[in-house]
Amino acid sequence: MAKTMAVNAGSSSLKFQLLDMPAERVIAQGVIERIGMDDAIVTIKYGVSIASENAVDHLEDDEHITLSKDGKGKKYENVLAIKDHQQAINFMLQKLTDLGIIADFNEITGVGHRVVAGGEWFNHSVVVTDDVLTKIDRLADYAPLHNPANAMGIRAFQKLLPHALSVAVFDTSFHQTMPEENYLYSLPYEYYTRYGARKYGAHGTSHRYVSARAAQLLGKDLKDLKLITLHLGAGASITAVQGGKSIDTSMGFSPLAGLTMATRSGDVDTSLVYYIQEREGLSNEEMTNILNKKSGLLGISTISSDMRDLLDVQDTHDHAKLAVNIFVNRVVKYVGQYVAEMGGVDAIVFTAGIGENSIPVRKMIVDKLGYFGITLDEEANNVRGDEVEISTKDSRVKALLIPTNEELMIARDVEALK
Ligand code: AMP
């Protein structure tokens, strides 16, 4: 069976998942963090059954393999100097071989890469050509932290696995179906034509996955459904999906817009940004840093960007409670807006870290949406990370919990392009 790798390359990290396709079975997953440092951390999780018995008989002193609690998986860990992405990928592929996860590099026949910004050039996933790579480089203006790292990952894999099909899967492409009235800002039109100043959205692969899965779970054709998908993680966005197409989404030109996030502000009146900048004597860079890294749940609560911490202390800490309430309210407002835009909704779908795991946050949101005909089944909602319908049987509008799976979506796109 062909093995496909789904890759998410960041500026100093590289996450990957190796899948048997088309069986869609995960063989290994891992992450290399702190690339460029003397103490980079490599973690690879893999199944016991797939690792061949006689592999890994030559572990170095500082390498560790531990068995997972359920005894079904193993975890390889190592800390070592890794100077760049090329070396990181080389090490990882070599380790997959040493651990007996793959017999040799040629087993990997496809590599799908997450790319953050696809602009208006890419409305679906594509096989990487020189032209595609040039465009990803040029789109770095829209995602300066991400696209260069994504491109670096693509080039490094191409060097080591020249035989494998290389595919780019864009965060923005799912949202390319938004109509003009939703993607344009009320700014002079010339900025759109000159600079592509418009809404692009993000988390598209996640919204695409959970909306398709929701249709399957509801036993309906996606084309007949009006869905609102709530990707609530450290980064958070909401999408109105009508007939399988994104018609509006809460993130904007960049992933700073929309909801209150872990450390990102979400929507703010831009004149307020200038006002604060002037009063505080902040440079553009400093202000951008505050909006991206010091705002959101962290900024309001003053104590943590992690929803778990805030929920733990909300009864005794006013600012923690306020941050949770603001988060929930923003979500509810966006849902209301999208119900109005679509002229109704059949189901809302919760996903990502908070959406998948936070029982109280889901309850707070659904309770506020009773007006639209959604009723929470408290018992069904008492779960984490499973696929479940969390609304009552007689709820006119359904609420679903669907763990996202961007890696699977990436691997499927690779398969589809083979
Ligand atoms: P993600 O970006 O999708 O990985 O989500 C990460 C976020 O999920 C973290 O900021 C946590 O606040 C949140 N999270 C994870 N588990 C829980 C939980 N049990 N309750 C509340 N929030 C959670």
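Cut-offs and rules
- Residues numbered from 1 in each chain as written.
- Predicted model: local features only at pLDDT ≥ 70, side-chain atom pairs only at ≥ 80, totals over all residues.
- Heavy atoms only, no water.
- Helix = DSSP H or I, 4+ residues; strand = E, 2+ residues; numbered from the N terminus.
- Rg over C-alpha atoms; globule rule 2.2 N^0.38 Å.
- Buried < 20%, exposed > 50% of the residue type's maximum accessible area, 1.4 Å probe, protein only.
- Contact = heavy atoms within 4.5 Å.
- Lys, Arg positive; Asp, Glu negative; His and termini not counted.
- Charge placed at Lys NZ, Arg CZ, Asp CG, Glu CD.
- Pairing = 2+ DSSP bridges.
- Axes fitted to C-alpha atoms, helices over the stretch in contact; angles between N-to-C directions.
- 1 Å grid on protein atoms, 1.4 Å probe; cavity = no way out; pocket = protein on both sides within 12 Å on 5 of 7 lines; lining within 4 Å.
- Points joined across faces, edges and corners; volume = space filled by probe spheres on them.
- Nonpolar A, V, L, I, M, F, W, Y, C, P; charged D, E, K, R; others polar.
- UniProt positions renumbered as here; feature names shortened; annotations may be inferred.
- Near = heavy atom within 4 Å.
- Polar contact = N/O pair within 3.5 Å; in protein donor to acceptor, adjacent residues only side chain to side chain.
- Areas by Shrake-Rupley, 256 points an atom, 1.4 Å probe, with all protein chains shown as cover.
- Sits in = over half its atoms within 2 Å of the grid points.
- pLDDT = per-residue confidence, 0-100.
- Phe/Tyr/Trp six-rings, centres within 6.5 Å; stacked < 30°, edge-to-face > 60°.

What follows covers the overall build of the chain. The helix and strand tally for the chain stands at 14 helices and 15 strands. Here the chain has a C-alpha radius of gyration of 22 Å; the compact-globule value for 418 residues is 22 Å, and the two agree. Principal axes of the C-alpha set define a box for the chain whose edges measure 60 × 50 × 45 Å. In the chain, which comprises 418 residues, the proportion classed as buried is 50%. Contacts spanning at least 24 positions in sequence make up 62% of the contacts within the chain whose residues lie at least 6 apart. A gap of 3 Å separates the mean positions of the 42 positive and 55 negative side-chain charges of the chain.

The nine strands are arranged 5-6-4-3-2-1-7-9-8 in an open sheet whose pairing can be described as mixed. With one partner strand each, in any of the chains shown, strand 5 (64-67) and strand 8 (126-127) form the two edges of the open sheet. Against the sheet, helix 1 (residues 85-98) touches strand 1 (2-9), strand 2 (14-21), strand 3 (25-33), strand 4 (40-47), strand 6 (73-80) and strand 7 (108-115), its axis set at about 40 degrees to strand 2.

We now examine the layout of surface pockets. Of the pockets and cavities examined, the second largest pocket occupies roughly 360 Å³. Lining the second largest pocket are 18 residues, and of these Asp306, Met307, Arg308, Gly353 and Ile354 sit closest to its centre. Secondary-structure elements contributing two or more residues to the lining of the second largest pocket are helix 10 (307-313), helix 12 (352-357) and helix 13 (359-368). Here the lining of the second largest pocket takes four residues from helix 10, the largest share from any one element. Its residues assigned to classes, the lining of the second largest pocket shows nine nonpolar, five polar and four charged.

Look at the UniProt record and you will see "site: Transition state stabilizer" (unreviewed entry) annotated at His203 and Arg264. Counting through the fold element by element, His203 comes out in the loop between helix 5 (189-195) and helix 6 (204-218). When residues no more than four places from it in sequence are discounted, the contact partners of His203 are Asp171, His175, His231, Gly235, Ala236, Ser237 and Met251. With respect to the helices and strands, the residue Arg264 is situated in the loop between strand 12 (245-249) and helix 7 (270-280). Those residues in contact with Arg264, other than ones at most four positions away along the chain, are Gly235, Met251, Pro255, Leu256, Leu259, Leu291, Asn292, Ser295 and Gly296.

Attention now moves to the site of the ligand. Surrounding the ligand, one finds Gly233, Ala234, Asp306, Met307, Arg308, Ala352, Gly353, Ile354, Asn357, Ser358 and Arg384. The contact in question runs from an oxygen atom of the ligand to an N or O atom on the backbone of Met307, over 2.8 Å. A distance of 3.5 Å is found between an oxygen atom of the ligand and a backbone nitrogen or oxygen belonging to Ile354. Protein coverage of the free-state accessible area of the ligand, which is 500 Å², stands at 73%. Most atoms of the ligand, that is more than half of them, are within 2 Å of grid points of the second largest pocket.

With that settled, consider empty space enclosed by the protein. Using the criterion set out here, one finds one cavity of 30 Å³ or more in the structure. Approximately 60 Å³ is the volume attributed to the largest cavity. Around the largest cavity sit Leu184, Tyr185, Leu187, Pro188, Tyr189, Tyr191, Tyr192 and Ala197, which together line it. A breakdown of the residues in the lining of the largest cavity according to their chemical character gives eight nonpolar, no polar and no charged.

Here the focus is the confidence of the model for the chain. Summing up the model confidence of the chain, the mean pLDDT is 94 and the portion of residues at 70 or higher is 97%. Confidence over residues 49-54 falls short of pLDDT 50; this stretch has eight contacts with residues more than four positions distant or in other chains.

Taken as a whole, this structure holds nine aromatic pairs when the rule is applied. Here the aromatic rings of Tyr200 and Phe253 are separated by 6.1 Å at their centres, their planes lie at 50 degrees, and the arrangement is tilted. One end of the pair, Tyr200, is in the loop between helix 5 and helix 6; the other, Phe253, is in the loop between strand 12 and helix 7, with 53 residues separating them in the sequence. Judged by centre distance (5.7 Å) and plane angle (75 degrees), the rings of Tyr371 and Phe372 are edge-to-face. Relative accessible area serves as the criterion here: at 75%, Tyr371 is assigned to the exposed category.

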